[in-house]
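Now for the letters of each chain:
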Amino acid sequence: MYEFQDVDLKPWQTRVREAVLDGLSALVLAPTGSGKSHLALSLAREFRRTLWVLPTKALTREWFMRALGSLRVGIKLNIYTGDYRRESNFYDGDLVFATYESAILQLRRKDSWFRGLDLFIFDEFQFIGDKDRGGAIEELLILLSEFNPSVRVLALSATIGNPGEIANWMTRLFERRVELFDIPVNERPVKLSQQALRFKHESEKRKHLLNLVSSRGNEQFLVFTPRRHDAENLSAYFRAAGIRAGIHHAGLDRLSRVSAEDDFRSGKLQVLFCTATLQYGVNMPAHWVVIYDPVWSSRSGEFRIDTNAFLQMAGRAGRPILHPATKEMINEGKVLVLSTDRREHLYVKTKLINQEAEPVHSSFEQDLIFRIHGFLLYKSVDELRHLLMKSLAKIDRRQVERTFAELTRMNFLEDGTLTPLGRYVAELNLHPHVAIRFLKKLNLPGLHFGTEATETVFSVLRTESTLPPDVTQYRDLLKRRFVKKPYLDGTLVVVNYQAPQQLRDRAAWYLYTFEKLADYIGHKEAADTIAKERVALEGLNDVYEPVRVLGELLAKSKTYIEVAVREYDDATDTGRANWLGLD
């Protein structure tokens, strides 16, 4: 098994490595594709216990698999992505990969594993400025500083415009000084060129891109589009013109996304049209990154992509990897931003093209009640007033007092400490507002609790994200079809749900927490009916239709059939539960 050697490292990587081994923490600001994660892997083998956190489940799985193939035998690896179906109350392993939210949940549970943590690797650290998830990152760092203040921290990013301010703040949090390593852009092994083009009409823009792709032979294009249907429509247009094109967005099932990534890496696809799903951390053999439009959409409306998001997208071009067709190292990356509006074109030229990263700012106060509720697992109200001063934000003390009063009205807080119910809700990592909405429904007489729970879940999902147009009610999450795909010498049967898997996972998690909460307060009947809804959502209640489909395949011919295992039990060397719900 391949093991990293010191000679693999560049001079700047060696400087960071030596600083961490000498007892410092480090904030590394380095260009995309320059080897930040390679450095992290080389350090992970030097410590008895390491935690590596990443922003998405896909990235967490990707780096877990890379570590499996690149670290020496004897290091016990594990992965935790917040999946309630397999998540333990305790982490286990020498090198653990986890999502941000999974790590926060374990710290809220006061997992003793963290007390023995030697190295904490924080990948894609620019998320600390994200308005939706930045507060969670601050909570994670503050909780860790309380639990293990002497841990070494290695924070990695390419897009933080105020690294000195962030490094100083981290130094105040932990006992070890945080050394800043600001690596110049010329350390990027593959150079990037950036260009903006404006067109009069959408059709002209689309045709120009088609002509460009057609004229570039083996060169591959990663095209970022504002919306899922843009990716689908453009892919269909290019395929009709004879171009090998595919799509990648969060609305696809995981198998389809992984297949699209594999086909692009192998050279089967020349163009991959995607949304922001491929914005962070992925290695693709793309000569070109094209941003089809600088104006994107979210549940809050349209917005211009900012400089830091642009730099992350642009960084997917010209990665230092072999091109699948020529087997030669990609030696140049090109970035192209297209627009049709004069003002948007000016914005691209002045705010995106060849710009440096923008400063990141705290969003800790965006959802203060959720943050404070979690912190109260550790501290009393009086102690928490001091703990909140650790935040990167300048928190309004009056807002803090209003939050304490609100938690008291909810009966989650009493005499400066959490009530048993308030503590349980916090340990579930359930937002107090969502918990209250559900608890009020439980107290209404004569209701079908399972139905009420699903309606509450769907209402929460609509406030959290933009739902696909074909998902208008909870029952749409259950709609599915069976897809048969060639696999080895037989057939792989895939259950393809209409709704995106991440949306269904989120809904199932809410049902799980509602089930636990109902059981905790003594509503056993309600908990049982909610459990039935959750099992139905997970596809575990109906084994007859999948068995019928498999039976038809077996009756026609000798067919190789693979059943996806949900959990694996190392002790007995068996799958504990599969997607049919059978042992």
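Everything numeric in this text was worked out from a predicted model, so none of it was measured.

Considerations on the overall build of the protein
- Scanning the protein from terminus to terminus reveals 20 helices and 21 strands.
- Per-residue burial for the protein yields a buried fraction of 54% across its 583 residues.
- Considering only residue pairs separated by 6 or more positions, the protein has 72% of its internal contacts joining residues 24 or more positions apart.
- Roughly 26,300 Å² of accessible area belongs to the protein as shown, and the carbon and sulfur atoms make up 49% of that amount.

What to know about the packing of aromatic side chains
- Enumeration over the complete set of coordinates arrives at 21 aromatic pairs.
- Where phenylalanine 120 meets phenylalanine 122, the ring centres are 5.5 Å apart and the plane angle is 85 degrees; that geometry is what we call edge-to-face. When sorted by exposure, phenylalanine 120 lands in the same class as phenylalanine 122, which is buried.
- A network of ring pairs unites the aromatic residues Tyr80, Tyr91, Trp113, Phe114, Phe147 and Tyr378 as a single cluster.
- Taking the ring centre of tryptophan 63 as reference, the NZ or CZ of arginine 66 above it sits at 4.3 Å.
- Just above the ring of phenylalanine 127 sits the side chain of arginine 133; from NZ or CZ to the centre is 5.5 Å.

Quick notes on the environment of arginine 481
- With respect to the element layout, arginine 481 can be found in strand S18 (residues 480–487).
- Given the relative accessible area of 51%, arginine 481 is considered exposed.

Quick notes on the sheet that holds strand S6 (residues 152–157)
- Reading across from one edge, S3-S4-S2-S5-S6-S1-S7 is the order of the seven strands in this open sheet, with parallel pairing throughout. Edge positions in the open sheet fall to strand S3 (77–80) and strand S7 (178–182), since each of these has one partner strand only. Each adjacent strand pair in this sheet contributes to an overall mean axis angle of 15 degrees, direction not counted.
- Helix H1 (residues 11–21) rests against strand S1 (25–29), strand S5 (119–122), S6 and S7 of the sheet, and its axis sits at about 160 degrees to S1.
- Along the sheet, helix H4 (residues 100–108) contacts strand S2 (50–54), S3, strand S4 (95–99) and S5; its crossing angle with S4, the most-contacted strand, is approximately 105 degrees.

Remarks on the pattern of salt bridges
- As enumerated under the stated definition, the model contains 28 salt bridges in all.
- Of the charged contacts in the structure, one is a salt bridge between glutamate 179 and arginine 177, with a shortest N-O distance of 2.3 Å.
- With a relative accessible area of 45%, arginine 177 lands in the partly exposed category.
- For the salt bridge of glutamate 401 with arginine 385, the shortest nitrogen-to-oxygen distance reads 2.7 Å. Here glutamate 401 is found in helix H14 (residues 397–409), whereas its partner arginine 385 is found in helix H13 (residues 381–387), with 16 residues between them in sequence.

A short note on the confidence of the model for the protein
- Per-residue confidence for the protein averages 85 on the pLDDT scale, and 86% of its residues sit at or above 70.
- Model confidence for the protein, summarised as mean pLDDT per element, is weakest for strand S21 (residues 574–578) at 36 and strongest for S5 at 97.
- Counting interchain partners and residues more than four positions distant, the pLDDT-below-50 stretch residues 1–5 has 17 contacts.
- A low-confidence stretch, residues 559–583 stays under pLDDT 50, and its non-local contacts, those more than four residues away or across chains, total 53 contacts.

Here is what the cut-offs are and how they apply
Residues numbered from 1 in each chain as written. Predicted model: local features only at pLDDT ≥ 70, side-chain atom pairs only at ≥ 80, totals over all residues. Heavy atoms only, no water. Helix = DSSP H or I, 4+ residues; strand = E, 2+ residues; numbered from the N terminus. Buried < 20%, exposed > 50% of the residue type's maximum accessible area, 1.4 Å probe, protein only. Contact = heavy atoms within 4.5 Å. Areas by Shrake-Rupley, 256 points an atom, 1.4 Å probe, with all protein chains shown as cover. Phe/Tyr/Trp six-rings, centres within 6.5 Å; stacked < 30°, edge-to-face > 60°. Lys NZ or Arg CZ within 6 Å of the ring centre and 35° of its normal. Pairing = 2+ DSSP bridges. Axes fitted to C-alpha atoms, helices over the stretch in contact; angles between N-to-C directions. Salt bridge = Lys/Arg side-chain N within 4 Å of Asp/Glu carboxyl O. pLDDT = per-residue confidence, 0-100.

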